[in-house]
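# Fold and contact review
This is what each chain is made of:
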Amino acid sequence: MMNEEIVRFLNEYVEIPDPQYAVMLKGTWGCGKTFFIQRWIEASKEKGEEQLEWNPIYVSLYGLTSVQQITESINKEIYPWLYSKGAKLIKNILKTASKIALKYDIDADNDGKSEATATYNLDSILLLKGDNKEIKGNKILIFDDFERCNVNFDTLLGYINYFSEHCKCKIIIIGDEAKLQEKESENKGLKFKDFKEKTIGRTFEIKTNINETVDFFIQELSSNNRNLLSENKELIVQIFQASKLNNLRILRQCLNDYNRIVMSLPESYHNSPKYKKIITSLLANFIAVYCEYKSGNTRIAELFDGISIMFNDSKYNQEREKILSKYQFIGIGQGLGILDSFIVGKIVHYLDCGFFDTEYMQQYFAIEDADIESWEHLYDYWRLDNEEFEQYYHETIIYYLEDRCQDLKELFVIISILSVLSSLELVSVSKDEIIAQGKKSINRLMTNVTKIEDLLQSLETAQRGLRPIYDEKNHIQAVLWQYFKSIFDERIHQCPNKMSVALENLDDESCERLGVIQNEVVPMKKVLYKETPFFESANPERVANRIIGLSNEAKNTFYQFLLYRYDRTSNGSEIVRVPSMYMADMPNLKLIGEHLKDAAEHTKLIERFALRQIVALIEKIFQKAMN
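Residues numbered from 1 in each chain as written. Predicted model: local features only at pLDDT ≥ 70, side-chain atom pairs only at ≥ 80, totals over all residues. Heavy atoms only, no water.

### Quick notes on the overall build of the chain
Applied cut-off: The secondary structure listing takes helices from DSSP runs of H or I that are at least 4 residues long and strands from runs of E that are at least 2 residues long, numbered from the N terminus. The cut-offs for exposure are 20% and 50% of the maximum accessible area for each residue type, with area from a 1.4 Å probe on protein chains only; residues under the lower value are buried, those over the upper are exposed, and the others partly exposed. Between two residues, a contact is recorded if the distance between any of their heavy atoms is within 4.5 Å.
For the chain, the count of helices and strands is 32 helices and 7 strands. Across the 627 residues of the chain, 47% fall into the buried class. A separation threshold of at least 6 residues defines the contact pool for the chain, and within that pool the share at least 24 residues apart is 73%.

### Points about the pairing of strand 6 (residues 170-175)
Going by this rule: A pair of strands counts as paired when DSSP detects no fewer than two bridges linking them.
Along strand 6, 6 of the 6 residues are buried, which leaves the element largely enclosed by surrounding structure. Here strand 6 shows two buried faces, one formed by Lys 170, Ile 172 and Ile 174 and the other by Ile 171, Ile 173 and Gly 175. Sheet topology note: the strand 5 (residues 140-144)/strand 6 ladder contains 4 bridges and is parallel. Pairing of Phe 143 across the sheet is with Ile 173, part of strand 6.

### So, the nonpolar core
Counted only if it meets this: We call a set of buried residues a nonpolar core when its members are Ala, Val, Leu, Ile, Met, Phe, Trp, Tyr or Cys and they connect through side-chain atoms within 4.5 Å of each other.
Ranked by size, the top nonpolar core spans 57 residues in total, and within it Leu 251 and Leu 339 carry the most contacts. Put simply, the parts of the chain that give this core at least two residues each are helix 9 (210-220), helix 10 (223-231), helix 11 (233-243), helix 12 (248-263), helix 14 (275-294), helix 15 (300-303), helix 17 (314-327) and helix 18 (341-353). By residue number, the principal contributor to this core is helix 14, which donates 12 residues. Residue contacts for Leu 339: discarding those within four places in its chain leaves Asn 285, Ala 288, Val 289, Ile 300, Phe 304, Ile 323, Leu 324, Tyr 327 and Val 344.

### Quick notes on the sheet that holds strand 7 (residues 200-205)
Definition in use: The convention used is that axes are lines fitted to C-alpha atoms, helices contributing only their stretch in contact, and that angles between N-to-C directions extend from 0 to 180 degrees.
If you walk across this open sheet you meet the 5 strands as 2-5-6-1-7, and the pairing is parallel. Each edge of the open sheet is held by one strand with a lone partner, namely strand 2 (57-60) and strand 7. The sheet shows a mean angle of 20° between the axes of neighbouring strands, direction not considered. Bridge count for strand 2 against strand 5 is 4 bridges, and the pairing is parallel.

### Describing the packing of aromatic side chains
For the record, the criterion: Only Phe, Tyr and Trp rings take part, Trp by its six-membered ring, and two of them pair if their centres are within 6.5 Å. Stacked means planes under 30 degrees apart, edge-to-face means over 60, and tilted covers everything else. We count a charge as sitting over a ring when the NZ of a lysine or the CZ of an arginine lies within 6 Å of the ring centre and within 35 degrees of the ring normal.
As enumerated under the stated definition, the model contains 25 aromatic pairs in all. Between Tyr 350 and Phe 356, the aromatic rings sit 6.5 Å apart at their centres with planes inclined by 80°, giving edge-to-face as the arrangement. Per residue, the accessibility class of Tyr 350 equals that of Phe 356, and both read buried. Through a chain of ring-to-ring contacts, three or more aromatic side chains come together here, namely Phe 534, Phe 535, Phe 558, Phe 561, Tyr 566 and Tyr 582. Looking at Arg 148, its charged tip hangs above the ring of Tyr 62, at a distance of 4.8 Å from the centre.

### Notes on the packing of helix 10 against helix 14
The condition is simple: If an angle is under 35 degrees, it is roughly parallel; if it is over 145, roughly antiparallel; if it lies from 65 to 115, roughly perpendicular; otherwise it is oblique. Note on residue categories: nonpolar means Ala, Val, Leu, Ile, Met, Phe, Trp, Tyr, Cys or Pro, charged means Asp, Glu, Lys or Arg, and polar means any other residue, Gly included.
Their axes nearest at 11 Å, the elements helix 10 and helix 14 cross at an angle of 70°. Put simply, helix 10 runs roughly perpendicular to helix 14. Within the contact between the two elements, helix 10 uses Asn 225, Leu 228, Leu 229 and Glu 231 and helix 14 uses Tyr 275, Lys 276, Ile 279, Thr 280 and Leu 283. Residue composition of the contact of helix 10 with helix 14, by class: 5 nonpolar, 2 polar and 2 charged.

### A short note on unusual backbone geometry
Unlike most non-glycine residues, Gln 20 shows phi in positive territory, near 65°. Given the relative accessible area of 34%, Gln 20 is considered partly exposed. A positive phi is found at Lys 244, a non-glycine position, where the angle reads about 65°. Note on placement: Lys 244 falls in the loop between helix 11 and helix 12. When its relative accessible area of 63% is taken as the criterion, Lys 244 is described as exposed.

### A short note on a negative patch on the surface
Note the threshold: Within the patch definition used here, like charges are joined within 9 Å and nonpolar side chains (Val, Leu, Ile, Met, Phe, Trp, Tyr) within 5 Å, considering only residues with over 30% relative accessible area and no salt bridge. Exposure was quantified through the Shrake-Rupley algorithm and a 1.4 Å probe, taking into account, for residues, occlusion by the shown protein chains and nothing else. We count a salt bridge whenever a side-chain nitrogen from Lys or Arg sits within 4 Å of a carboxyl oxygen from Asp or Glu. Counted as positive: Lys and Arg. Counted as negative: Asp and Glu. His and the chain ends are not counted at all. In this description, the location of a charge corresponds to atom NZ of lysine, CZ of arginine, CG of aspartate or CD of glutamate.
Residues Asp 507, Asp 508, Glu 509, Glu 512 and Glu 553 make up a contiguous surface patch of negative charge. Here Glu 509 lies in helix 27 (residues 508-511).

### Topic: the pattern of salt bridges
The full count for this structure, using the stated rule, is 17 salt bridges. The partner of Glu 619 in a salt bridge is Lys 597, with the nearest N and O atoms 3.7 Å apart. Here Glu 619 is found in helix 32 (residues 605-626), whereas its partner Lys 597 is found in helix 31 (residues 586-600), with 22 residues between them in sequence. Linked by salt bridges that have partners in common, Lys 26, Glu 177 and Lys 196 make up one network.

Laid out in structure tokens, this is it:
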């Protein structure tokens, strides 16, 4: 039954004088049950200023542990409403319902501000039970989050049933019936089934009305960003439905978070002609990543990390393709780049830490020309007529063959497009020509890129140009990506180990940071420096000389560093055998010990003690390794 029919039924149900049964609205968490009932409540509230009529009383049972708390929640719903009708009416009503003293801040006109604070006696149960002539209309009690209530179940059911049987109340219960059945199966003492048979006359399942709900969510946001979201309503719905999350609460959180980020952008961004395109791409990615992460794909940042993609792990590839397949046909032609590896990690970082780095947008807004490049039109080649295709293809292939690509992202964007068009025999040049030119362009763009920071930046830039292409269409892109990887791998291997560099440049200050550096991740290897033999690639004579030049206090720091790397665990117990991953360290470590031993003979007092302490430890470590 559609939600509109449920509304019609509820409207008819509340007009029954004494129904003697409750109605249940069921559905999974986040499907829109509370949203549905709140909209119905707003439509059901009495509009008269003078005549006093019952308004629906809404109570969330979430976390409540006693019926007294439920009664208190009902009192809090009733009292401000009564107060808004005037003190004279309250006095007349309290003659028949006065028992419990209540003190409330009053917001009579619903403007969010307290107009007064007053204390009155009110017993909502007496008020609901009695036939008070001062109050007209239907007594409607709505109990939400039924399955999340912590009141003894028998007590709760008896409490609610009392209103139905003795107070002529119309009872609406809202909850996840599946969760209630789970509770019942876990606790044989629960009797929800019996209660349902006796008290619940009709049960309806709330179906998510995604279009209406998204409209409502958008209207909640600041007007500055509302129009752009309204224009992209279809995109929002498509991505949300593709995610299979089916939790409207999370979509609401997502849109609020997105709005907060967008509204914090500099004014110059909002005035840019490229604003809509860039912000729409962010919106598409934000919803997709948000929904995937909240649905349990907490490894999505790792799956779409540039390093993971480059390693070409079959398991990761399968997981990645499974997620990508959900969104591959959404926003075709808009250049949204949904689940672009460059942006996924930034969104997950926001979800984990609450901070979203918008600096990456500067490069997009800095480009004055907002026109779409020729190759971007070729994404949707199948939409173009022959004349358009020939124009955009000719401009693109000339640009490519003349080696004019500005960076690796742009290069791989064009490569990915040519890879598809070539497989469809829509290009005028051979695969070999495209590949040869691609290698030439890669060589040019990688000239003088040798430092580890620059290499990692080149990898990130290149990955942003890659596109998920399937089957044989991927041939050219795959060949040129492997070529780029071969250059990258060779140069990253030649880069000095960060830990080895630290050892070769040791001083009093950096000595204290050795423990910090060894807990950093080795680029491209997914391991920490402390899990690698970093002494192997260090110059032993240079390291020994740097140790000799340390202050006595720093020498002791270095001793402690060696001690807890090779000889002691973090809790102080002795390591019986040197781990195999450290065996490659031993030759250089032995040479360092020999240099320090010779130097110790030419020193005295604390300096000699400090050096001999390090030497003795190195000899002990080496002996353990040899056994």
